[in-house]
Amino acid sequence: MKPLSELEGSRARGLAGILFDLDDTFLDAGVLTEQAYLALGRLSRTGLRLVAVTGRPSGWGEVMARQWPLDVVVTENGAVALYRAGAGVAKWEQADEATRRARRVRIAAAFETLRRRFPEVRMSDDTPARTSDVALDIGETQRVPADVLAAIEKAARELGMRTFVSSVHLHLTLDPFDKASGTIAFLGERFGDDPTSVRRHYAYIGDSSNDAACFFAFDTTFGVANIKEFLPRLSVPPRYVARAAKGAGFAEIAAHILALRESA
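Since we're looking at a predicted model, the values are computed, not measured. (Residues numbered from 1 in each chain as written. Predicted model: local features only at pLDDT ≥ 70, side-chain atom pairs only at ≥ 80, totals over all residues. Heavy atoms only, no water.)

### With respect to the sheet that holds strand β9 (residues 169-173)
Overall, antiparallel pairing links the three strands, which are arranged β7-β9-β8 in an open sheet. Each edge of the open sheet carries a strand with a single partner, namely β7 (133-137) and β8 (162-165). Averaged over neighbouring strand pairs, the angle between their axes works out to 20° when direction is ignored. Sheet topology note: the β7/β9 ladder contains five bridges and is antiparallel. The residue of β9 that forms the bridge with aspartate 133 is threonine 173. Packed onto the sheet, helix α4 (residues 97-117) meets β7 and β9 and runs at close to 20° relative to β7. (Pairing = 2+ DSSP bridges. Helix = DSSP H or I, 4+ residues; strand = E, 2+ residues; numbered from the N terminus. Axes fitted to C-alpha atoms, helices over the stretch in contact; angles between N-to-C directions. Contact = heavy atoms within 4.5 Å.)

This is the structure in structure tokens:
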């Protein structure tokens, strides 16, 4: 990883869009700060395409798509995208309703099995707003020890689940997408963006091992300072890291990108 000061001006000026995680990247323990939101507005005014990419539920994404200066919100780790369409919001999801119903039944059965084995297994409070996965609370209202988390994740995979671990949730899903592949697929279908171009001309900002697919997929990647505790779980770390954590780190990265673009 390199400090932000080593970001090349040509790389910053070549960006077409910014992708970013929410929890502990843009938000501070779930709270939206003025500093981060103002930075988002400054990015929006430059014409960069802005894409929030999160494990949070599609129900949250619909609200964000209506109210925030975003082009799209990719939710549930790449499974569902929400974007403005006229006066309303449209949803992108490749799985048909029959597939979604079958997946929900399997995931519910897996959850019950895990709940019986591990007393720590508790659904996140945002689960009712989800359509493709279940999120287990591992750091939002309770702290699950690392060894217990590893055992739960292993058991979930043995039940056929795909798992993603963020700073606050362990996600159980059967959807084939992750945060990178789902976002790239959506941008291709919606805007006609070539996958190679997306990887080269979109930057990603994240904070945890749940951003691993994006740190691997995109050429220009950033971590806010709190990424450091997750480095043992990352085979590919972010290319650049901010000095500040969470929303302040997001604002720092945004300011540096904008300064380099304006210096041309």
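### Regarding the side chain of aspartate 21
Mapped onto the fold, aspartate 21 is located in the loop between β2 (17-20) and α2 (34-45). In this structure the side chain of aspartate 21 is engaged in a polar contact, spanning 3.1 Å, whose partner is the side chain of threonine 25. Of note is the side chain of aspartate 21, whose polar atom sits 3.0 Å from the side chain of lysine 179. Among all residues touching aspartate 21, those that are not within four sequence positions of it are Phe26, Val53, Thr54, Lys179, Tyr204, Ile205, Gly206, Asp207 and Asp211. (Polar contact = N/O pair within 3.5 Å; in protein donor to acceptor, adjacent residues only side chain to side chain.)

### Quick word on the packing of aromatic side chains
Throughout the structure, instances matching the rule amount to 12 aromatic pairs. Plain terms: the ring middles of tryptophan 92 and phenylalanine 177 are 5.7 Å apart, the flat faces sit at 35° to each other, and that makes the pair tilted. Separated by 85 residues along the polypeptide, tryptophan 92 in strand β6 (residues 88-92) and phenylalanine 177 in the loop between β9 and α6 (179-191) bring together distant segments of the chain. As far as the burial class goes, tryptophan 92 and phenylalanine 177 line up, both buried. An aromatic cluster of three or more residues is present, and its members are Phe20, Phe26, Tyr37, Trp68 and Phe250. Sitting over the ring of phenylalanine 191, arginine 49 keeps its end group 3.7 Å from the ring centre. (Phe/Tyr/Trp six-rings, centres within 6.5 Å; stacked < 30°, edge-to-face > 60°. Buried < 20%, exposed > 50% of the residue type's maximum accessible area, 1.4 Å probe, protein only. Lys NZ or Arg CZ within 6 Å of the ring centre and 35° of its normal.)

### Examining the pairing of β7
Among the five residues of β7, five are classified as buried, and the element is accordingly described as predominantly covered. Residue alternation in β7 divides its side chains into two sets, Asp133, Ala135 and Asp137 and Val134 and Leu136, and both sets are buried.

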